[in-house]
Every structure is written in C-alpha cells, then in structure tokens.
Amino acid sequence: MLSSQAIYLNIILLCFNLFIPAYPLDGGRIYAASLMLVLKLKGQTAAKVTAITAMLISSGMIIYAVLSMLSKSAGSELLLGFVGAYVLHQSYELWTAAQRDALDSHPI
C-alpha cells in the first residue's frame with residue numbers, strides 16, 4: 001500500500017515538473033530550448049517569452065492557492081502557493097537577466 005502511494009506521488013511530481021512550462025521547472029527549460037530550436041528564436045527572445053509564460057502560470061498558481069485557502073482549510077494549496085511564489089521569483093530573475101542582456105550568467 002505504501003509503495004503504491006509512493007509510486008503515485010512520484011508520477012504526479014514527474015508530471016508537474018516536466019509538463020508545466022514554468023521556467024525553473026524542467027518543463028520550462030524544455031519550453032525555452034524548444035523555442036530556440038524549433039521556432040529559431042534568439043536566446044534573449046526565448047528567455048523573455050519563457051519568463052512571461054512562467055509569470056502567468058505562477059500567478060495563476062498563487063491565485064488558486066489563495067482562493068482555495070480562503071474557501072476551505074489550508075492543505076496542499078499552501079505548498080502550491082509557495083511553489084508559485086518561487087516560480088514567480090525565478091521567472092522575474094530570468095526576465096531581468098534578459099532585459100540586461102546578461103543571459104551568459106544565467107542558467108537558461
């Protein structure tokens with residue numbers, strides 16, 4: 001029983017990390033790389049698009065967490081809010097690095 005729950009949790013974390021195109025997550029890195037490789041965008045433009053996408057997703061995560069916590073008791077929504085705040089911070093850092101043309105020092 002416990003091992004099946006651990007497998008389920010790992011699959012959920014895999015999907016969350018890989019399929020959400022928010023920058024510090026693996027899905028965001030794949031999104032930025034595909035913008036550069038498939039759409040032939042420059043690194044600075046791909047970083048800006050990735051940062052904006054991640055900011056929108058993280059804002060939605062934070063809003064969902066706050067509304068969920070206001071309507072019922074705090075549970076996993078609190079963790080989602082913290083993850084959203086982290087993603088928002090990291091995507092803002094990516095945005096400012098792209099604005100300053102300092103992507104050489106930023107791991108995108």
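Residues numbered from 1 in each chain as written. Predicted model: local features only at pLDDT ≥ 70, side-chain atom pairs only at ≥ 80, totals over all residues. Heavy atoms only, no water.

*Asks:* So what exactly am I meant to see when it comes to the overall build of the protein chain here?
*Replies:* Check the secondary structure of the protein chain and you find four helices and zero strands. Listing every helix and strand of the protein chain by position from the N terminus yields α-α-α-α. Taking the principal axes of the C-alpha coordinates as reference, the protein chain spans close to 45 × 30 × 20 Å. Looking at the protein chain as a whole, 27% of its 108 residues qualify as buried. Pairs at least 24 apart in sequence give 52% of the contacts found in the protein chain among residues at least 6 apart. Accessible surface, the protein chain: about 7000 Å² in total, of which carbon and sulfur atoms supply 70%. Charged side chains of the protein chain number 6 positive and 5 negative; the gap between the two group centres comes to 7 Å. (Helix = DSSP H or I, 4+ residues; strand = E, 2+ residues; numbered from the N terminus. Buried < 20%, exposed > 50% of the residue type's maximum accessible area, 1.4 Å probe, protein only. Contact = heavy atoms within 4.5 Å. Areas by Shrake-Rupley, 256 points an atom, 1.4 Å probe, with all protein chains shown as cover. Lys, Arg positive; Asp, Glu negative; His and termini not counted. Charge placed at Lys NZ, Arg CZ, Asp CG, Glu CD.)

*Asks:* Explain the side chain of Ser91 here, please?
*Replies:* Its location among the elements puts Ser91 in helix α4 (residues 76-99). For Ser91, a relative accessible area of 0% puts it in the buried group. A distance of 2.9 Å separates a polar atom in the side chain of Ser91 from the backbone oxygen of Val87. When residues no more than four places from it in sequence are discounted, the contact partners of Ser91 are Ala51, Ala54 and Met55. (Polar contact = N/O pair within 3.5 Å; in protein donor to acceptor, adjacent residues only side chain to side chain.)

*Asks:* Would you mind going over the side chain of Glu77 with me for this structure?
*Replies:* Within the secondary structure, Glu77 is located in helix α4. Owing to a relative accessible area of 10%, Glu77 belongs among the buried residues under this scheme. Ignoring sequence-local partners within four residues, the contact set of Glu77 consists of Tyr64, Ala65, Ser68, Met69 and Lys72.

*Asks:* I keep staring at the nonpolar core and nothing clicks. Help me out?
*Replies:* Soluble globular proteins: nonpolar side chains tend toward being buried together. Listed in full, the 11 residues of the largest apolar core are Ala22, Tyr23, Leu25, Ala47, Ala51, Ala54, Val87, Leu94, Ala97, Ala98 and Leu103. For this core, the elements supplying multiple residues, two or more each, are α3 (43-71) and α4. In terms of residue count, α4 provides more of this core than any other element does, four residues in total. Those residues in contact with Leu103 that lie beyond four places of it in its chain are Gly43, Gln44, Ala47, Leu94, Ala97 and Ala98. (Core = buried A, V, L, I, M, F, W, Y, C linked by side-chain atoms within 4.5 Å.)

*Asks:* In this structure, what is going on with the confidence of the model for the protein chain? I would like to understand it.
*Replies:* Caution applies to low-pLDDT regions: their predicted coordinates should not be interpreted in detail. Of the residues in the protein chain, 98% reach a pLDDT of 70 or more, and the chain-wide mean stands at 90. Averaged pLDDT values for the elements of the protein chain fall to 90 in helix α1 (residues 2-19) and rise to 93 in α3. (pLDDT = per-residue confidence, 0-100.)

*Asks:* I'm lost on the environment of His106 in this one. Help?
*Replies:* Tracing the backbone through its elements, the reader meets His106 in the segment after α4. A relative accessible area of 15% means that His106 is categorised as buried. The spatial distance from the C-alpha of His106 to the C-alpha of Met69 is 34 Å, given a sequence separation of 37 residues. Once residues within four sequence positions are removed from consideration, His106 is found in contact with Tyr23, Glu93, Leu94 and Ala97.

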